[in-house]
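An overview of the molecular structure
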Amino acid sequence: MIKVHSLTKIYSNGKGIREVNFNVKEGEVFGFLGPNGAGKTTTLRHLMGFVNPSSGKATINGLDCRRDAAQIQQKLGYVPGEIAFYDNMTGNQFLKFIDELRGRHDNERRNQLITRFELEPGRIIRKMSKGMKQKVGLIAAFMHDPAVILLDEPTSGLDPLMQKRFIELILEERDRGKTILMSSHLFDEVDHTCERVGIIREGEIVAVENINALKGKLPKSFIVTFGQIGDMKVMQNSGLVYKETGPMRVEININEDYDNMLRTLSQCHVIHMDSPPQTLEQIFMGFYGKEGNK
Ligand SMILES: Nc1ncnc2c1ncn2[C@@H]1O[C@H](COP(=O)(O)OP(=O)(O)OP(=O)(O)O)[C@@H](O)[C@H]1O
């Protein structure tokens, strides 16, 4: 459904994206992961047809993203990284205005989304917080029930409850056959929603992977607190890679050795266990070794 072929955009300062290639299948939720400045927004802006590529091209449903932008955008939902609104409108006035631009008069879905995201639609946008504005942007992107949805860091500014509602919405839309491309710099966010991810770094795609295959390759750490002195002896004899991070507390780092960790911990009295979320830098280190180099 979405095809990106050797897409290259070099800005006058030498930054941008180089030879970006990936495809998103119809009905797939695809995660586009990368640290700040990696090239996610630049790629999404090409898909929206806002920018002329230096070379290469992108298509959506066979249509050229630059040449056929107007036609594509009728069936597309887009949440930009930085949302610009008509600040003096209320949320409701803005959403109605967008619906009218799209030639739509059905407000049922819009109202459902307003309820779902607990938006106060009568508030002036200028007086809204970042999270509230983000909700307006999300509702505007989904309310015309588009077949393809492009989301640039969609949960930025949302509190954990709204992030959860957002994830539920994405999973429902996926089940309804929608094609979704979602950029993020947080692994956990794409982990909840995406089947495959493309990882971009310094303007280049470094991997396109099934999310479960990717997770299997990543080192993972577990912070475990023990309840008995003898537990530390069990750890010493386990062969696991770990370091002591406090009294009766260890951080265990494992690659694929889950079996050994589970066997070892089953002999101990574990009183607390946690696994901190992985940052993208840890993921790159997992992929490319200590320096994160290819
Ligand atoms: N209009 C522009 N002119 C010059 N350089 C630009 C322009 N737009 C983006 N860049 C540069 O291109 C690179 C990619 O930027 P981009 O905004 O696509 O990254 P990103 O992955 O979306 O980052 P973030 O997570 O910070 O939004 C960066 O080095 C950025 O500074």
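What this report covers is the structure whose coordinates are included nearby. Note that the structure is a prediction, hence the values are computed from the model and not measured.

Of the regular secondary structure elements, the protein chain holds 11 helices and 14 strands. The principal-axis extents of the C-alpha atoms in the protein chain amount to approximately 70 × 45 × 35 Å. Within the protein chain, residue pairs in contact and separated by at least 24 positions form 67% of the contacts whose partners lie at least 6 positions apart. As displayed, the protein chain has an accessible area near 14,800 Å², and 48% of this comes from carbon and sulfur atoms.

Most of strand E8 (residues 179-184) sits out of view: 6 of its 6 residues are buried. On E8, burial covers both faces: Thr179, Leu181 and Ser183 on one face and Ile180, Met182 and Ser184 on the other are all buried. Two elements, strand E3 (residues 29-33) and E8, share 5 bridges in a ladder whose sense is parallel. Within E8, the position partnered with Leu33 by the bridge is Ser184. Where strand E7 (residues 148-152) and E8 come together, 5 bridges link them in parallel fashion. Looking across to E8, one finds that Asp152 is bridged to Ser183. Crossover handedness for the path E7 to helix H6 (residues 160-175) to E8: right-handed.

With that settled, consider the environment of Val51. Position of Val51 relative to the elements: it lies in the loop between helix H1 (40-47) and strand E4 (55-60). Under the relative-accessibility criterion, Val51 is labelled buried at 12%. Considering only alpha carbons, one finds Val51 and Arg66, 15 residues apart in sequence, at a separation of 7.3 Å. Those residues in contact with Val51, other than ones at most four positions away along the chain, are Lys9, Arg45, His46 and Arg66.

Let's shift gears to the packing of helix H4 (residues 108-116) against H6. Interaxial distance between H4 and H6 falls to 11 Å at its minimum, and their mutual angle equals 145°. Side by side, H4 and H6 meet where Arg109, Leu113 and Arg116 of the first sit next to Met162, Arg165, Glu168, Leu169, Glu172 and Glu173 of the second. Taken together, the residues of the contact of H4 with H6 sort by class into 3 nonpolar, no polar and 6 charged.

Turning our eyes to something else, we now look at the sheet that holds strand E14 (residues 270-274). Reading across the sheet, the 4 strands line up as E12-E13-E11-E14 and stay open at both edges, with antiparallel pairing between neighbours. With one partner strand each, in any of the chains shown, strand E12 (241-246) and E14 form the two edges of the open sheet. Between one strand axis and the next, the sheet turns through 25° on average, direction left out of account. One ladder, built from 5 bridges, connects E12 with strand E13 (residues 249-254); its direction is antiparallel. What sits directly across from Gly246, in E13, is Arg249.

Phe94, Leu95, Phe142, Leu151 and Phe166 are the most contacted members of the largest nonpolar core, which has 40 residues in total. Residue contributions to this core peak at 6 residues, all from helix H5 (residues 130-142). The residues contacting Phe166, other than those within four sequence positions of it, are Phe117, Leu138, Leu151, Pro154, Thr155, Leu158 and Met182. Core analysis: the next-biggest nonpolar cluster, separate from the first, contains 23 residues, Ile2, Val20, Met48 and Leu181 among them.

Rules used throughout
- Residues numbered from 1 in each chain as written.
- Predicted model: local features only at pLDDT ≥ 70, side-chain atom pairs only at ≥ 80, totals over all residues.
- Heavy atoms only, no water.
- Helix = DSSP H or I, 4+ residues; strand = E, 2+ residues; numbered from the N terminus.
- Contact = heavy atoms within 4.5 Å.
- Areas by Shrake-Rupley, 256 points an atom, 1.4 Å probe, with all protein chains shown as cover.
- Buried < 20%, exposed > 50% of the residue type's maximum accessible area, 1.4 Å probe, protein only.
- Pairing = 2+ DSSP bridges.
- Right-handed = clockwise from strand over helix to strand, strands pointing away.
- Axes fitted to C-alpha atoms, helices over the stretch in contact; angles between N-to-C directions.
- Nonpolar A, V, L, I, M, F, W, Y, C, P; charged D, E, K, R; others polar.
- Core = buried A, V, L, I, M, F, W, Y, C linked by side-chain atoms within 4.5 Å.

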